[in-house]
Amino acid sequence: MRSRLKLLSIPLVITMLAWGFNFVSVKLVYRELAPEALALSRFLLMWGLLVIWCRVRGESLKPLPGDGWRLLAVGFVTMGLYMVLFLTGIHNTSAGEGAIVLATVPLITPLLAALIGQEVFSATALGGALVAFGGVVCVALGAGAPGPLSAPVELWLGDAVILASAFVWAFGIVMTRPLLTRYSPAQVLTMSMPGALPILLPFGLRATLDANWSHLSATAWANFTQIVVLSGVVAFIGFNAGLRQVGASAATLYQFFVPALAAFFSYAILGQTLAPLQWVGFAVVLVGVAWGSIARQRANAALLAESPAVQAES
C-alpha cells in the first residue's frame, strides 16, 4: 500500500517563498497605491492570466453539474472576503502583530477539518503547530513588534480583522480541498474567481479608477508585477497543488514559514537587521513544522491502514 499523501510538497515550498517575499512587495507598492486599488487590480489581472493559462493547457472552465455554486462560494471566501479582511487589517496593524495573528491559520484549520470529518484529528500534529507558532512569535517579537497592552485602538481593531481573516482563510481551505479531487489546481482557482466580484468591486472600484497609474515608479511596477504573477497566479496554483498533495492541515503548516521568510527578505532586500531572537524563531519554526508534518503523515498512514475503502483507492 502506498499513502496518497506526501510529506514534502515542492509547490508549497515555492508558494511560501513567494508569499514571504510578498510582504516586502506589498509594503513598497503601498507607498504609491491604495490597498483597495491593489486588491481589485491584482484580482482582475490574475483572473485574466489564469483564463489564458487554462486555455493554453486545454483545461475546461465549465464546472460539473452541482459544482458551480461551490466554486463561486470558494472564490467569495478565499479571493474576496479573505483578501478584503487581510488587506484592511494589515493596513491598520503592525507587520509583526499581523504575522502572529495570521499564523493562527494552521491551528484553526485542523480543527475545522476534523470537525467536518475531512481529516483525522492529531493532538501530536497540533503540538507541532503550537511549537511553530511559538517560533513565529519569536520572529515578530524580535522585530520589535509592539505589545498589545501598549497598542492604540487602531492596532487592536487591525488585529481583530486579521484574526477574522485567519478564520475565513482556514474555512476556505477546507472548502477547496474536495474540489481538487475533480479539477486541477488552476481550474479550481480560475472558476472560483467570479465569486469574489460581489465583494471586491465595491471595495476597490473607486480607488482603482482614482489611482494615478501613469505616475507609478519602476519599483512600484516591478513589485506590482511580482504580486500579480508570482505571489498571485503561481503561488495560489502552487498552494492548491500542495493542498491536494498533503491535505488541509499539513498544507497550512507551511504558512508558518511566511513570517520568517518575510523577515529574512526584509533583511536581505531592505537592509533591516535581524535580531538574535528572530534567528531562534527560524529554528523553532523549522522544528515545529517538521514535527507537525511527520505527525500528520503518521496519522494519515494509520487512517489508510484502517480503512479498506481508502486502501483500494491508494
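Residues numbered from 1 in each chain as written. Predicted model: local features only at pLDDT ≥ 70, side-chain atom pairs only at ≥ 80, totals over all residues. Heavy atoms only, no water.

Asker: Help me understand the packing of aromatic side chains, please; the structure alone is not making it clear to me.
Answerer: Between two aromatic rings, the relevant description is the distance of the centres plus the angle of the planes. As enumerated under the stated definition, the model contains 12 aromatic pairs in all. A network of ring pairs unites the aromatic residues W19, Y82, F86, W169, F236 and F239 as a single cluster. (Phe/Tyr/Trp six-rings, centres within 6.5 Å; stacked < 30°, edge-to-face > 60°.)

Asker: Mind showing me how you'd approach the pattern of salt bridges here?
Answerer: Side chains that carry opposite charge are capable of pairing whenever their charged atoms lie near each other. A full pass over the atoms with the stated rule returns 4 salt bridges. The residue D67 makes a salt bridge to R70 at a minimum N-O spacing of 3.4 Å. Residue classification places R70 among the partly exposed positions, given a relative accessible area of 35%. Among the ionic pairs, R182 bridges to D67, the shortest N-O distance being 3.0 Å. Of this pair, R182 sits in the loop between α7 (153–176) and α8 (185–192) while D67 sits in the loop between α2 (35–56) and α3 (68–91), placing them 115 residues apart in sequence. Note on R182: relative accessible area 39%, which makes it partly exposed. A network of salt bridges, in which partner residues are shared, links D67, R70 and R182. (Salt bridge = Lys/Arg side-chain N within 4 Å of Asp/Glu carboxyl O. Buried < 20%, exposed > 50% of the residue type's maximum accessible area, 1.4 Å probe, protein only. Helix = DSSP H or I, 4+ residues; strand = E, 2+ residues; numbered from the N terminus.)

Asker: Explanation requested: the packing of α2 against helix α9 (residues 197–210) in the structure shown.
Answerer: Angle between the axes and distance between the axes are the two parameters that describe a pair of packed helices. Two elements in contact, α2 and α9, have axes whose closest approach is 7 Å; the angle formed by their N-to-C orientations is 120 degrees. With respect to α9, the axis of α2 lies oblique. In the crossing of α2 with α9, the sense of the turn from one axis to the other is left-handed. Residues E36, A37, A39, L40, S41, F43, L44 and W47 of α2 form the contact with α9, whose participating residues are L197, L200, L201, F203, G204, L205, A207 and T208. Among the residues making up the contact of α2 with α9, the classes are represented as 12 nonpolar, 3 polar and 1 charged. (Axes fitted to C-alpha atoms, helices over the stretch in contact; angles between N-to-C directions. Parallel < 35°, antiparallel > 145°, perpendicular 65-115°, else oblique. Left-handed = near helix turned anticlockwise from the far one by under 90°. Contact = heavy atoms within 4.5 Å. Nonpolar A, V, L, I, M, F, W, Y, C, P; charged D, E, K, R; others polar.)

Asker: Can you walk me through a nonpolar patch on the surface in this structure?
Answerer: Residues I10, V13, I14, L17, L49, I52, V56, V229, L230 and V234 make up a contiguous nonpolar surface patch of about 830 Å² in total accessible area. At the level of secondary structure, the elements contributing two or more residues to the nonpolar patch comprise α1 (10–30), α2 and α10 (218–246). With 4 residues, α1 is the single largest residue contributor to the nonpolar patch. Mapping L17 onto the fold places it in helix α1. (Patch = residues over 30% accessible without salt bridge, like charges linked within 9 Å, V, L, I, M, F, W, Y side chains within 5 Å. Areas by Shrake-Rupley, 256 points an atom, 1.4 Å probe, with all protein chains shown as cover.)

Asker: Even after reading the chapter, I still don't get the nonpolar core, so can you show me in this structure?
Answerer: Buried together is how nonpolar side chains tend to be arranged in soluble globular proteins. Counting residues in each nonpolar core, the largest one holds 67 residues, and the members touching the most others are M16, W19, M79, W169, L200, F236 and F239. The element contributing the most residues to this core is α3, with 11 residues. Excluding residues that lie within four positions of it along the chain, L200 makes contacts with A39, L40, F43, M79, G80, V84 and L205. Counting residues in hydrophobic clusters, the runner-up holds 9 residues, among them A132, V136, V285 and V289. (Core = buried A, V, L, I, M, F, W, Y, C linked by side-chain atoms within 4.5 Å.)

Asker: Teacher, can you tell me more about the environment of F282 here?
Answerer: Summarising the element assignment, F282 is placed in helix α13 (residues 276–306). Classification of F282 as buried rests on a relative accessible area of 15%. Sequence spacing of F282 and F256 is 26 residues, and the spatial spacing of their C-alpha atoms is 9.7 Å.

Asker: What's the story with the side chain of S25 in this structure? I'm lost.
Answerer: For S25, the location among the structural elements is in helix α1. Residue classification places S25 among the buried residues on the basis of a relative accessible area of 0%. At 3.0 Å, the side chain of S25 forms a polar contact with the side chain of N223. Once residues lying within four places of it in the same chain are set aside, the contact partners of S25 are N223, Q226 and I227. (Polar contact = N/O pair within 3.5 Å; in protein donor to acceptor, adjacent residues only side chain to side chain.)

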